[in-house]
Amino acid sequence: MAGRRRRRGAAAPPEPPARSGRRPCRLSGRRAGAAMGRAALLLLLLVATAGRAGVSAAGGPEVHSLRGSWRLGNGNGSVVLRGEVPGCVHTALHRRGLIQDPYYRFNDVMYRWISLDNWTYSRTFKTPFDIRKWQKVNLVFEGVDTVAQILINNITLGRTDNMFNRYSFDITSVIKEVNFVEVRFLSAVSYAAEQSRCHKAYSIPPACPPPVQKGECHANFIRKEQCSFSWDWGPSFPTQGIWKDVRIEAYNHYHLIYFSLTSFFVKSAQQWSLEIESIFDVVSSKPIAGLVTVNIPKLQMQQTFSVKLQPGEGSIVLLVNINKSSAVEAWWPNGHGKQTGYNMTTTFIMEAGYQIEKFSKAYFRTVELVQEPIPGSPGLSFYFKINGRPIFLKGSNWIPADSFQDRVTYDTLWLLLKSAADANMNALRVWGGGVYEQDEFYNICDEIGIMIWQDFMFACALYPTDQNYLESVRAEVSHQVRRLKSHPSIILWSGNNENEAAIASNWFSIPYADREVYIKDYVLLYVKNIREIVLTEDKSRPFIASSPTNGLESVKEGWLSQNPYDTHYGDTHFYDYSNDCWNWTVYPKTRFASEYGFQSWPSFSTIKKVSSTEDWSYTSNFSLHRQHHENGNDQMLQQIGHHFKLPQSTDPIKKFKDTIYLTQVMQAQCIKTETEFYRFSQSEIIKGEGHTMGALYWQLNDIWQAPSWASLEYGGKWKLLHYFAQNFFAPLLPVAYEDKGVLYIYGVSDLHADRKLTLRASVSQRDDVYIFVLQTTAIAPFVSLDVGRIKGRFSDNGFLMTEKKKVVVFYPWEPTSVEELEESLTLTSLVDVV
Ligand code: BMA
């Protein structure tokens, strides 16, 4: 239904929200689905190997999708439109032309009214099956963002308060032939404020983000993407919407809710085994017996188990041992081997009801987080062993790829993750201020060998621990671990981002006398709840409570170390914007560098899309507005000034472009220096420090077009840093550095065997790539090729050109032509900056 249309660009705030005003402090109502307990764990008998089970869907569940077009209206009914599900209000308004691109210029603050209103999604649907034939019908939401009341046929089914949870409502007794379903949202901003107001006993900081972020307050009071209230690299768009799948499911007897596989290597038997967990909802009043057959043809493995499903919700766990005579190929990280996965079929044939056939990929890999004494060094090591082999983690930190998750497609994820692998990365940390990523994200990582350090979604804040909040978090954690634990790419669960450090370093100026309350809350949330659930749900990978942390030393000190940045333990985050970044002595010789970085501006073609002519200067209101990190723009100039002449052109646009270019050169050079320092610190201990086994710079990707620490711009374009990363993360790396007048040259290698190498620089021509031949008459430092809006990447960029001729290949991501490339090409080197 089309609502009152406004002209493009003319959107104004509607009347104040209809459901504003103070509400009771606790949302009442039933939390359904995800908080289910484990009713029974059945032990199963291996009966015999049987022939391949026949598969029949007869009698199987009816699934009816409610994706598509819904009616969407604001609080007082002044704005009514069609909105796609999955989707959110901002995307719907933009698609209908009711607002401009929310990323354009200052629209993030102009459109604040959208998040302050209370929106309702509704639709009617016809039940596509005979209701009387089904014992149970559920309305299932894979993701609701965030606070909403769910109704069907004017009956309230329950409420949602956690974007990361899965909600399933039993609608057996209320579903009709034609139904009206409603999701009535409450503004996430108002809800968070209200929750904070209700938390009377003591405050839970931070109340609001720093003004430079132009964000909303009390993000820590709502289980929602924390950076959607703004961050130091991102805008404030606290969305409302049904952001994942929604459907009706009808079934008799039983229904499979979760299915997961985890692999183990049993050292005593020198054998791989697989743990297969299936979580069912059994609606029969009596137990249901049956047979489960697991088949991995490539490993000539077939086993059948007899099982009994008890009424209610519960899980069955099958342990499958892989015959020692089968040559199992393990899953390896990028650069260390193949990512082999085996097709596996699991067939459930039960005495009542239907058969289920599940197709999955079985991966075999082990992971250990090694924390043990190091000779000649106080403290403990902190490194990962994959399949028994110590691996240096090379990579970066992942943030949400868009403020509007419905715009993040498979192609978006593929481009960003493939770019990480192409830059010789083998690991990414999914940072705790964003979202647990969609299944496709982890599927791609499995496929291309990117190891994932997975944070739980808590960042840079203290959090409440009242009963309601904890219950919601508990449901979230069980759901996410069950959903994700089959992925071999995930190698670590980590409780939060920087919250141990926030208490230890007293970021929020908490009086010493009050500290205990916050420490108690910290341990209650991350240790007694999150850790407990993770260890019960998943025994196949390690857990740490925070990043940075001192690991076992933090545990020893009661889960909160005095100094979580101690270089002798665990991981560290390190930022220093004032010292000259080419000076490697400023960097901490740490066990593991999980965050470090420097900002730069995205290329002009990326900025151009969201700005207008008057914005194109480094000191424009726009340039200030997009910078969310206090003094960020000045810090970049200061860092550039250590080694380069600042741009002086009298042409303002040339000056702006030169400055952008220099920020990228500076960022690339700084992170190269720092990363090389971490890589060569791998095999040495100096004054008790060293044995560094990871370098994950901050940050891989961008959420919008703005200055940030990212190496990939919004849209995927490679900054110079990303080209540099391809080199400084190369498996074999010569590093030269000077120390007190002596030039040291290190050879850093990730290869599994020692090699003698002869280097050859050879290029071949293929049909779908373009060859650029560059010529110079003088030495050209930091040569940057840019083809503007044309999507794709070069084989190399930002290089020092000492030879007269150099060939660079361009890999397009979309069809293009020689003419188009010639027209768009700009070539910049340091000598072009005036
Ligand atoms: C780290 C991160 C982020 C932040 C980044 C840059 O502390 O965990 O919170 O965006 O620094 O300031």
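Here's a quick rundown of the structure.

Conventions and cut-offs
- Residues numbered from 1 in each chain as written.
- Predicted model: local features only at pLDDT ≥ 70, side-chain atom pairs only at ≥ 80, totals over all residues.
- Heavy atoms only, no water.
- Axes fitted to C-alpha atoms, helices over the stretch in contact; angles between N-to-C directions.
- Helix = DSSP H or I, 4+ residues; strand = E, 2+ residues; numbered from the N terminus.
- Parallel < 35°, antiparallel > 145°, perpendicular 65-115°, else oblique.
- Left-handed = near helix turned anticlockwise from the far one by under 90°.
- Contact = heavy atoms within 4.5 Å.
- Nonpolar A, V, L, I, M, F, W, Y, C, P; charged D, E, K, R; others polar.
- Phe/Tyr/Trp six-rings, centres within 6.5 Å; stacked < 30°, edge-to-face > 60°.
- Buried < 20%, exposed > 50% of the residue type's maximum accessible area, 1.4 Å probe, protein only.
- Patch = residues over 30% accessible without salt bridge, like charges linked within 9 Å, V, L, I, M, F, W, Y side chains within 5 Å.
- Areas by Shrake-Rupley, 256 points an atom, 1.4 Å probe, with all protein chains shown as cover.
- Salt bridge = Lys/Arg side-chain N within 4 Å of Asp/Glu carboxyl O.
- Lys, Arg positive; Asp, Glu negative; His and termini not counted.
- Polar contact = N/O pair within 3.5 Å; in protein donor to acceptor, adjacent residues only side chain to side chain.
- Near = heavy atom within 4 Å.
- Expected span 1.5 Å × (residues − 1).

Axis separation between helix α14 (residues 652-680) and helix α15 (residues 720-728) bottoms out at 8 Å; the angle between their running directions is 25 degrees. What the angle tells us is that α14 and α15 run roughly parallel. Note that α14 runs across α15; the crossing there is right-handed. Of the residues in α15, those in contact with Y661, Q664, V665, Q667, A668, Q669, I671, K672, T675, E676 and R679 of α14 are L720, L721, F724 and F728. Here the contact of α14 with α15 is built from residues that sort into eight nonpolar, four polar and three charged.

Time to look at the packing of aromatic side chains. The final tally for this structure, using the stated rule, is 60 aromatic pairs. Ring geometry for Y697 and F729: centres 6.2 Å apart, planes at 5 degrees, overall stacked. With Y697 in strand β34 (residues 694-697) and F729 in the loop between α15 and β35 (732-739), the pair connects residues that are 32 residues apart, well separated along the chain. Across this residue pair, the class does not change: Y697 and F729 are buried. In this structure an aromatic cluster arises from ring pairing among F574, W584, Y587, Y596, F677, Y678, F680 and Y746.

Together, I771, V773 and V807 give the surface a local cluster of nonpolar side chains, amounting to about 200 Å² of exposed area. Mapping V807 onto the fold places it in strand β41 (residues 805-812). Residue classification places V807 among the partly exposed residues on the basis of a relative accessible area of 33%.

Within the secondary structure, K719 sits in the loop between β34 and α15. Lacking a salt bridge, the buried K719 has D702 as its closest oppositely charged neighbour, with an N-O distance of 4.4 Å. In this structure the side chain of K719 is engaged in a polar contact, spanning 2.9 Å, whose partner is the side chain of S600. When residues no more than four places from it in sequence are discounted, the contact partners of K719 are S600, W601, P602, Q664, Q667, D702, S708, A710, S711 and E713.

Every residue close to the ligand is listed here: W231, D232, W233, W431, C460, N497, E498, Y575, E595, W698 and W709. W231 places a side-chain nitrogen or oxygen 3.0 Å from an oxygen atom of the ligand. A total of 300 Å² of accessible area belongs to the ligand in isolation, and the protein chains cover 90% of it. Grouping the amino acids of the shell around the ligand by side-chain chemistry returns seven nonpolar, one polar and three charged.

Interaxial distance between helix α13 (residues 632-641) and α14 falls to 9 Å at its minimum, and their mutual angle equals 70 degrees. By the angle class used here, α13 and α14 are roughly perpendicular. Only T659, L662, T663, M666 and C670 of α14 make contact with α13, whose side of the interface consists of M636, L637, Q639 and I640.

A word on α14. The end-to-end C-alpha separation of α14 is 42 Å, in line with the 42 Å expected for 29 residues at 1.5 Å each. A large share of α14 lies buried, amounting to 23 of its 29 residues. Residue D651 occupies the N-cap position of α14, its side-chain oxygen lying 3.0 Å from the main-chain nitrogen of I653.

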